[in-house]
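# Structure at a glance
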Amino acid sequence: MQTKKFGNNGPQVSVIGQGTWYLDRGDRKAAVAALKRGIDAGMTHIDTAEMYGDAELVIADAIGGRRDELFLVSKVLPSNASRRGTITACERSLKRLKTDRLDCYLLHWRGTYPLAETVAAFDELIAAGKIRSWGVSNFDADDLDELLEVAGEGNIACNQVLYHLRERAIEHAVIPWCEQHGVAVVAYSPFGHNDFPSASSKAGVVLQSIAQACKATPRQVALSFLTRLPSVLAIPKASNVDHAAENAAAGTLKLSGDELAALDAAFPRGPKPRSLPML
């Protein structure tokens with residue numbers, strides 16, 4: 001599994017991690033097994049959030065005895081992101097995850113609380129040893145500019161954003177901003193939301209052809225394309241062990257320049273949108 005540095009001051013983290021949105025909705029035993037299989041295959045970056053229902057409880061079942069192997073991330077809801085509310089939410093997540101610290105803690109999206117309040121809470125949590133770093137999710141470049149004024153250079157570990165073959169808006173401004181400031185970009189929903197390219201579509205044919213040439217699956221090719229830039233990591237979800245193994249194998253796949261160019265042409269990034277897409 002390839003690794004990348006997580007922000008300016010972070011450790012090396014698996015380029016392919018494990019997302020957990022909706023993981024609590026299906027077979028719990030299968031979900032725990034998938035997480036364990038992913039960890040065994042090197043997907044030690046595990047992402048969750050207080051918004052994700054019982055996902056934190058499912059993760060707790062999967063990571064027992066293996067906490068030191070992991071890079072564990074959770075998120076605070078904007079409605080809880082006051083200074084005191086952020087600390088309370090973090091402590092609640094720690095209890096549900098059965099751990100004493102998070103490797104990174106994120107503001108899930110911008111809300112009504114001043115960013116200074118949330119950042120002050122993050123700093124307090126770091127001082128208490130409850131989190132090791134902090135970041136944000138669903139922040140556009142102008143939001144990041146505002147955050148930088150509050151937090152200072154070198155303190156924002158990551159920005160977690162929607163990024164898949166059909167949705168490349170972050171390439172216009174967000175990725176360049178993050179690369180300029182040493183902020184990791186974490187791609188959520190990297191296969192889209194129930195709209196992965198069909199094999200019969202024009203772009204899907206290109207994807208299938210490259211997958212066959214690489215002896216890989218289309219989803220592995222998609223993950224390799226999305227993580228081609230030095231700042232980008234991805235967190236696909238897997239609800240069973242086979243999908244977990246498939247995702248993990250993308251962490252060793254390297255596409256050629258010609259293959260990257262063909263995918264770029266097949267799935268053009270399009271014009272810069274007025275606002276940052278998010279789910």
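Refer to the structure presented above.
Here the structure is a predicted model, which is why all the values come from computation and not from measurement.

About the cut-offs
- Residues numbered from 1 in each chain as written.
- Predicted model: local features only at pLDDT ≥ 70, side-chain atom pairs only at ≥ 80, totals over all residues.
- Heavy atoms only, no water.
- Helix = DSSP H or I, 4+ residues; strand = E, 2+ residues; numbered from the N terminus.
- Polar contact = N/O pair within 3.5 Å; in protein donor to acceptor, adjacent residues only side chain to side chain.
- Contact = heavy atoms within 4.5 Å.
- Pairing = 2+ DSSP bridges.
- Axes fitted to C-alpha atoms, helices over the stretch in contact; angles between N-to-C directions.
- Phe/Tyr/Trp six-rings, centres within 6.5 Å; stacked < 30°, edge-to-face > 60°.
- Buried < 20%, exposed > 50% of the residue type's maximum accessible area, 1.4 Å probe, protein only.
- Core = buried A, V, L, I, M, F, W, Y, C linked by side-chain atoms within 4.5 Å.
- Right-handed = clockwise from strand over helix to strand, strands pointing away.
- Parallel < 35°, antiparallel > 145°, perpendicular 65-115°, else oblique.
- Nonpolar A, V, L, I, M, F, W, Y, C, P; charged D, E, K, R; others polar.
- Salt bridge = Lys/Arg side-chain N within 4 Å of Asp/Glu carboxyl O.

### Thoughts on the side chain of T99
Along the polypeptide, T99 turns up in the loop between α3 (83-97) and β5 (104-107). A polar side-chain atom of T99 sits 3.3 Å from the main-chain carbonyl oxygen of R101. Ignoring any residue separated from it by four or fewer positions in sequence, one finds T99 in contact with R67, L72 and L94.

### Considerations on the sheet that holds strand β9 (residues 232-234)
Spatial ordering of the open sheet is given by β3-β4-β5-β6-β7-β8-β9, a layout of 7 strands whose pairing is parallel. Each having just a single partner strand, β3 (45-47) and β9 make up the two edges of the open sheet. Mean inter-strand twist for the sheet, computed between neighbouring axes without regard to direction, equals 25°. In this sheet, strand β4 (residues 71-76) lies alongside β3 in parallel orientation, the contact comprising 3 bridges. Within β4, the residue paired with I46 across the bridge is L72. The strands touched by helix α4 (residues 115-127) within the sheet are β4, β5 and β6 (134-137), with β5 carrying the most contacts at an inclination of about 170°.

### Comments concerning the packing of aromatic side chains
The description of an aromatic ring pair uses the distance of the two centres, along with the angle that the planes make with each other. Enumeration over the complete set of coordinates arrives at 6 aromatic pairs. Considering the side-chain rings of W21 and Y52, the 6.1 Å spacing of their centres and the 20° angle between planes classify their relative orientation as stacked. Here W21, found in the loop between β2 (12-14) and α1 (28-40), pairs with Y52, found in the loop between β3 and α2 (55-63); they are 31 residues apart in sequence, far enough to count as distant. Under the relative-accessibility criterion, W21 is labelled partly exposed at 22%.

### Here we look at the nonpolar core
Ranked by size, the top nonpolar core spans 76 residues in total, and within it Y105 and V221 carry the most contacts. Among all residues touching V221, those that are not within four sequence positions of it are L207, I210, A211, A216, L253, L255 and L263. Counting 14 residues, the second largest nonpolar core, distinct from the first, contains F6, V73, A184 and V186.

### Let's talk about the pairing of β6
Judged by which residues are buried, β6 turns out to be covered on both faces: W134 and V136 on one side and G135 and S137 on the other are all buried. Direction of pairing for β5 relative to β6: parallel, over a ladder of 3 bridges. Across the sheet, the residue bridging to L107 is V136, located in β6. Between the parallel elements β5 and β6, the chain passes through α4 in a crossover that is right-handed.

### Focus: the packing of α2 against α3
Taken N-terminus to C-terminus, the directions of α2 and α3 make an angle of 45°; their axes are 7 Å apart at the nearest point. Of the possible angle classes, the one that applies to α2 and α3 is oblique. Across from E56, L57, I59, A60 and I63 in α2, the residues of α3 making contact are S93, R96 and L97. Of the residues in the contact of α2 with α3, the class split is 5 nonpolar, 1 polar and 2 charged.

### Notes on the pattern of salt bridges
Oppositely charged side chains can pair when the atoms bearing their charge come close. Inspection of every chain in the model, using the stated rule, returns 19 salt bridges. Here D40 and R66 are joined by a salt bridge, their closest N and O atoms 2.7 Å apart. Taken as a pair, D40 in helix α1 and R66 in the loop between α2 and β4 lie far apart in primary sequence, 26 residues in all. Residue classification places D40 among the exposed positions, given a relative accessible area of 52%. A salt bridge links D103 to R67; the shortest N-O distance between them is 3.0 Å. In this pair, D103 is assigned in the loop between α3 and β5 and R67 in the loop between α2 and β4, connecting sequence segments 36 residues apart. Residue classification places D103 among the buried positions, given a relative accessible area of 6%. Put simply, R168, E171, R228 and D264 are held in one network by salt bridges that share partners.

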